[in-house]
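# Coordinate analysis (summary)
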Amino acid sequence: MAILVDEGKRVLVQGITGREGRTRTNLMVEFGTQVVAGVTPGKGRQEVDGVPVYDTVFEAVEVCGSIDISVLFIPAPLVKSAALEAIEAGIKLLLIVPDRVPIYDVLEIAASAKDADARFIGPNTLGVLSPARATIGMIGGSATTAREWFIPGPLGISSRSGGITSSMAYYLARAGLGASTLVHVGGDAVIGTPHPDVMRMFEADPDTKAMVMFGEIGGSQEERVAELVAKGEITKPIIAFIGGKAAKRGTRFSHAGAIVEGTRGTYEGKVESLRTAGVTVVEAFGDLPEVTRRVLQEREVL
Amino acid sequence: MARLHEFQAKALLKQAGIKIPRGIVARTPEEALLAAEQLGDSVVVKGQAWVTGRASRGLIRFADDPGQAERMAAEILGQQVEGFQVETLLVEEKLAIVREFYAGVIVDDQAQAPLLIFSAVGGTGIEEIASKDPTSIGKRVIDVRRGFYDYQGRELARSTGLSGKELLLMGDLLSKLALVAQSADARSAEINPVVMTAGGEIIAADCRMTIDDYAVFRHPELGIEVAREFDRPATRLETVAWEVERDDYRGTFYFIQMAQDFKSGEGVIGFHGAGGGGSMMSMDAVLRKNYRLADFVDTSGNPPASKVYRAARIIFAQGPIDGYFASGSGVASQEQYHSARGLVKAFLEQPLNVPAVIRLGGNAEERAIAILERAAPLLPAPLEAYGKDDSPDFCASRLDELIRLTPRPTATPQPILPPAATEPYQFDTVTGQVTLDHAACRSCETKICIETCVPQILKLDDGLPVLSITREQARHGGCTECLACQVECYFEGAQGGYIDLPIPGLAREETGA
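Here the residue numbers are simple positions, counted from 1 along each chain's written sequence. Whichever chain is written first is A, and whichever ligand is written first is 1; the rest continue in order. Local features in this predicted model are restricted to residues of pLDDT 70 or higher, and side-chain atom pairs are both shown and tallied only at a pLDDT of 80 or more, whereas totals for entire chains, interfaces and linings draw on every residue.

A few words now on the overall build of chain B. Elements are defined by DSSP. Helices are runs of H or I of four residues or more, strands are runs of E of two residues or more, and each kind is numbered from the N terminus. Across its full length, chain B holds 17 helices and 25 strands. Over its C-alpha atoms, taken along the principal directions, chain B stretches across nearly 85 × 50 × 45 Å. Exposure classification rests on a simple neighbour count of other C-beta atoms within 10 Å of a residue's own: a residue reaching 20 or more is buried, one at 12 or fewer is exposed, and one in between is partly exposed. C-beta atoms are placed from the backbone. The proportion of buried residues among the 513 residues of chain B is 54%. Residue pairs at least 24 apart in sequence account for 70% of intrachain contacts in chain B once pairs closer than 6 positions are excluded. Residues are defined as contacting one another if the C-beta atoms placed from their backbone atoms lie within 7 Å.

See the structure below:
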């Protein structure tokens, strides 16, 4: 098992004929993902890497049958319309890759997704990859590197930074520790599937024995993970690293931010709430593999 | 988040029908005098600055007559506050305040929606009120597709103890505030305080708003020059950098200056990161070696080589850095040879005269490192390239060692460029122009440009490289500005390829004009 994506999922690529769409479709197909269709309005009837291109998502669904996941390689200003199209066409999981999607567009996508019982990952995400199974997005860049870097194993990896998603998985793999799935939740302030959601999925996945999480200053994702652990909803061990310790304290939204967030969002606040809940927080990034191994040994997973 | 000044934010409130004090913007003491005369009687002179606690900093002053307003304006204008120079004043009528409230909208990550926050007690210290007495504060989630109705506003006001006319007027204001926030793409919009005047009016006495950087393109009317989160106005170089990024959605280029007016030998490093998390770790590695950073740059999300080139040129334009450090997460998914070519083009044209350590780990790093190592012997200063198995700390110590070993540059070396074209074949790209000198191409044995062109848009016609797509296609993204036809040609061909990538405003900054 893995979470979110595996070889059984049928995938659509929106924006398949663009610069990123083309390159990463090749990555996904070569890696073993079932990419069944692509969409670029006005460019129907072409093919990209053997994948048929349609003019609309509805057309793709009509011709190809049900689709599980849509991956969006769409310029940010056009993402909202493309995402709403996918949701309305009945697709239940969206991966929104681009950066700089206006935040109110994300809020509208979130509201529509909620109504349709759909989920989205991102925006500003590198993607999701289940080693030796399937991938969506652009983790690894090419299938060859993705296979070389990531090995299957007991760890669920979740990160707020794209580059760190790959580097954590790579350095862990080099230490012999493989992963069930790697998830880059996305770098933006409002994202569809934050750490707490990902942790719940890993908790429910029998193949995942422990989670490794890269958090960052700002927002409340890590604190909410701590709450889940404290409440006993997450029982598998979590090893966390929080980035941004040395960074200048982020600009707060003045009074409103303080009212909503209180002491959440700071490095110290995050580390403290995670530790209090029983999460292992690593201070130096380079120590992650060793500490993870130790935790797995303590829990007799290794 | 791009911030708006009080007077800009209030103009938006007014458009939406929220009452604001009568006021006039002034930029000189004389204008303040005229404004005060026009408003009559007592006025408030408010310095426009993105800082909190303006009153305690003397930026908000009450004047009893126009002459006093003029003198106060003269005192406030030009003041430096946290690196910010006060250049604008808002002169307003003085209100007879009976009661103060707080109203704010903020986009909340957990709710995935904007939250409307109302407090029956406003003014300074609102955070303390919130933490001490949470019941005095009401919050409601705003449905972005439906908006926030006046009845919802009344309900929110009622929940904090309001009644009568206050409740009625506040319901209306809250509904309008939600609308203003959404139509301006505001990450936060706050009125603190909202006041009830002796005349029974509800007025927005102050307002702060921050606009979502990613939506600034929808709001030319706001006149936001640089859509970046700064706690001070953008520098000229930051403005130049933003122009590079603004309309180019291929990957991300973020630039912020962290040191200015530094001299050679002061240990200031040009920093070029890739990806938020990895950049932070890499910055820390340089700081641990006791250097300072001139800037924070992030080029990530698979930017074209052209964007990385421009980023590098802008880093150099900051002043006499002692070294150049590029490092990201180390295991990037983007093909790293694009960044390598962008850096090499910049290092040749600059040319690089201080040590550089470049850690381009990740996808295709072997090719990226090879490109950099190929350029190294041509450059006046040492350049070393590393990959994913070399840590940021190791790379930072390499840079430290090179800086110690390398004599400081004395003269500015000449740019390393291909010779001027005698038989130019040219086509436009998304942000520049490619020139292939067919005179040189004729003698070229490798025709390396054809093979290394990433989008494969060149073909041989009568033995010379030309476009295999239309010029129109090339200009609209068919040419991805991979820079192979310049960089690879410089190494392996007849040095006939050049891509001109203008950076508007940069030359002025470099010459210090």
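Resuming the write-up.
This brings us to the overall build of chain A. Regarding its fold elements, chain A presents 11 helices and 14 strands. Residue burial in chain A is summarised as follows: out of 302 residues, 58% are buried. A separation threshold of at least 6 residues defines the contact pool for chain A, and within that pool the share at least 24 residues apart is 72%.

All right, on to unusual backbone geometry then. Phi is mostly negative for residues that are not glycine, and the peptide bonds are mostly trans. Looking along the chain, the bond that leaves Gly122 of chain A and enters Pro123 of chain A is cis, with omega of 5°. Here Pro123 of chain A shows up in the loop between strand 7 (119-121) and strand 8 (127-130). Omega for the bond connecting Asn192 of chain B with Pro193 of chain B falls within 30 degrees of zero, at 5°, which places this linkage in the cis form. Locating Pro193 of chain B in the fold gives a position in strand 11 (residues 186-197). In the Ramachandran plot, Asp117 of chain A falls in the positive-phi region, its phi being about 60° despite a non-glycine side chain.

The subject of this paragraph is the domain arrangement of chain A. Residue and element names in this part refer to chain A. Note: domain ranges come from an automatic or database domain assignment. Domain assignment breaks chain A into domain 1 (10-121) and domain 2 (127-298). Taking the mean C-alpha position of each, domain 1 and domain 2 sit 25 Å from one another. In this assembly, 20 residues from domain 1 lie in contact with 20 residues from domain 2. Of all the secondary structure elements, the ones that give two or more residues to the side of domain 1 that touches domain 2 are helix 1 (19-31), strand 5 (69-72), helix 4 (103-116) and strand 7. Three residue categories are used. Nonpolar comprises Ala, Val, Leu, Ile, Met, Phe, Trp, Tyr, Cys and Pro, charged comprises Asp, Glu, Lys and Arg, and polar comprises the others, including Gly. Among the residues forming the side of domain 1 that touches domain 2, the class breakdown is 15 nonpolar, two polar and three charged.

Residue and element names in this part refer to chain B. Interaxial angle, 0 to 180 degrees, is taken between N-to-C directions of lines fitted to C-alpha atoms, where a helix line uses only the stretch in contact. Where helix 10 (residues 336-349) meets helix 16 (residues 484-492), the closest approach of the two axes is 10 Å, and the angle between their N-to-C directions is 70°. Here helix 10 is positioned roughly perpendicular relative to helix 16, judged by the angle of their axes. Both helix 10 and helix 16 take part in a crossing whose hand is left-handed. For the pair helix 10 and helix 16, the contacting residues are Arg341, Val344 and Lys345 in the first and Ala484, Gln486 and Val487 in the second. Of the residues that constitute the contact of helix 10 with helix 16, the class distribution is three nonpolar, one polar and two charged. If an angle is under 35 degrees, it is roughly parallel; if it is over 145, roughly antiparallel; if it lies from 65 to 115, roughly perpendicular; otherwise it is oblique. Rotating anticlockwise by less than a right angle from the far helix to the near helix defines a left-handed crossing, while the corresponding clockwise rotation defines a right-handed one.

With that settled, the discussion passes to the domain arrangement of chain B. For chain B, the domain assignment lists domain 1 (22-93), domain 2 (97-221), domain 3 (236-405) and domain 4 (424-500). A separation of 26 Å is found between the C-alpha centroids of domain 1 of chain B and domain 2 of chain B.

With that out of the way, let us pick up the interface of chain A and chain B. Residue-level contacts link 53 residues of chain A with 62 residues of chain B. When contributions to the side of chain A that touches chain B are tallied by element, the ones reaching two or more residues are helix 1, helix 4, helix 5 (143-149), helix 6 (162-174), strand 12 (210-216) and helix 9 (254-261) of chain A. With seven residues, the top contributor of residues to the side of chain A that touches chain B is helix 9 of chain A.

This brings us to the nonpolar core. The nonpolar side chains of soluble globular proteins are, as a tendency, buried together. Counting residues in hydrophobic clusters, the biggest one holds 242 residues, and the most contacted among them are Leu72 of chain A together with Leu177 and Leu372 of chain B. Residue contacts for Leu72 of chain A: discarding those within four places in its chain leaves Gln14, Gly15, Val79, Ala82, Ala83, Leu94, Leu95, Ile96, Val97 and Pro98 of chain A. One nonpolar core equals one set of buried Ala, Val, Leu, Ile, Met, Phe, Trp, Tyr and Cys residues connected by C-beta atoms within 7 Å. By size, the runner-up hydrophobic cluster in this structure holds 22 residues, among which are Ala36, Ala63, Leu90 and Val91 of chain B.

A separate point is the sheet that holds strand 25 (residues 497-500) of chain B. Residue and element names in this part refer to chain B. One open sheet holds the three strands; their spatial order is 21-22-25, and the pairing between them is antiparallel. What marks the edges here is a single partner per strand, and that holds for strand 21 (424-428) and strand 25. If you compare each strand with its neighbour and ignore which way they point, the axes differ by 20° on average. Helix-sheet contacts for helix 16 involve strand 22 (433-437) and strand 25, and the interaxial angle to strand 25 is about 145°. We call two strands paired when DSSP finds no fewer than two bridges between them.

Our next topic: the environment of Thr470 of chain B. Along the chain, Thr470 of chain B turns up in the loop between strand 24 (464-467) and helix 15 (471-478). Spatially, the C-alpha atom of Thr470 of chain B lies 48 Å from that of Gly147 of chain B, the residues being 323 residues apart in sequence.

All names here are of chain B. The side-chain alternation of strand 4 (residues 60-63) yields one buried face, formed by Arg61 and Ala63, and one unburied face, formed by Ile60 and Phe62. Looking at chain direction, strand 3 (residues 43-47) and strand 4 are connected through four bridges and run antiparallel. Along strand 4, the bridge assignment pairs Lys46 with Ile60.

Residue and element names in this part refer to chain A. Close contact between helix 8 (residues 221-230) and helix 10 (residues 267-277) brings their axes to 8 Å; oriented N to C, the two are set at 15°. Taken together, the axes of helix 8 and helix 10 are roughly parallel relative to one another. Crossing handedness for the pair helix 8 and helix 10: left-handed. In contact with Glu222, Glu223, Ala226, Val229 and Ala230 of helix 8, helix 10 contributes Lys270, Ser273, Leu274 and Ala277. Partitioning the contact of helix 8 with helix 10 into residue classes produces five nonpolar, one polar and three charged.

Residues and elements named next belong to chain A. As summarised here, the arrangement of the seven strands in space is 3-4-2-1-5-6-7, forming an open sheet in which the pairing is mixed. For this open sheet the edge positions go to strand 3 (47-48) and strand 7, each flanked by a neighbour on one side alone. Two strands pair when backbone bridges link them, and strand 1 (residues 10-14) and strand 5 are joined in this way by four bridges, in the parallel orientation. Each bridged residue has a counterpart across the sheet, and for Gln14 the counterpart in strand 5 is Leu72. Contacting strand 1, strand 2 (34-39), strand 3 and strand 4 (51-54), helix 1 runs over the sheet at an angle of about 165° to strand 2.

Here we come to the confidence of the model for chain B. When pLDDT drops low, the exact placement of atoms in the prediction is not to be read closely. For every residue, the pLDDT score states the predictor's confidence, bounded by 0 at the bottom and 100 at the top. Counting all residues, the mean pLDDT for chain B is 93, and 99% of those residues have values of 70 or more. Scored as a complex, the prediction yields pTM 0.90 and ipTM 0.91.

This next bit is on helix 9 (residues 305-316) of chain B. All names here are of chain B. Each residue after the first adds 1.5 Å to the expected span of a helix. The terminal C-alpha atoms of helix 9 lie 17 Å apart, and with 12 residues this matches the ideal 16 Å at 1.5 Å per residue to within 8%. The buried count for helix 9 comes to 12 of 12 residues, which makes it a mostly enclosed element. If you check which residues of helix 9 are buried, you get Ala305, Ser306, Lys307, Val308, Tyr309, Arg310, Ala311, Ala312, Arg313, Ile314, Ile315 and Phe316.

Bringing the pairing of strand 1 of chain A into the picture now. Remark: a regular strand shows side chains that alternate across the two faces of the sheet. All names here are of chain A. Most of strand 1 is tucked away, with four of its five residues classed as buried. Bridge count between strand 1 and strand 2: five bridges; the pairing is parallel. Counterpart to Val11 in the pairing with strand 2 is Val35. A right-handed crossover is one whose linking path, passing over the helix from the first strand to the second, runs clockwise when the strands point away from the viewer. Read from strand 1 through helix 1 to strand 2, the crossover connection turns out right-handed.

Here we take up the environment of Met280 of chain B. Structurally, the position occupied by Met280 of chain B is in helix 8 (residues 276-288). With 207 residues separating them along the chain, Met280 of chain B and Ala73 of chain B place their C-alpha atoms 42 Å apart.

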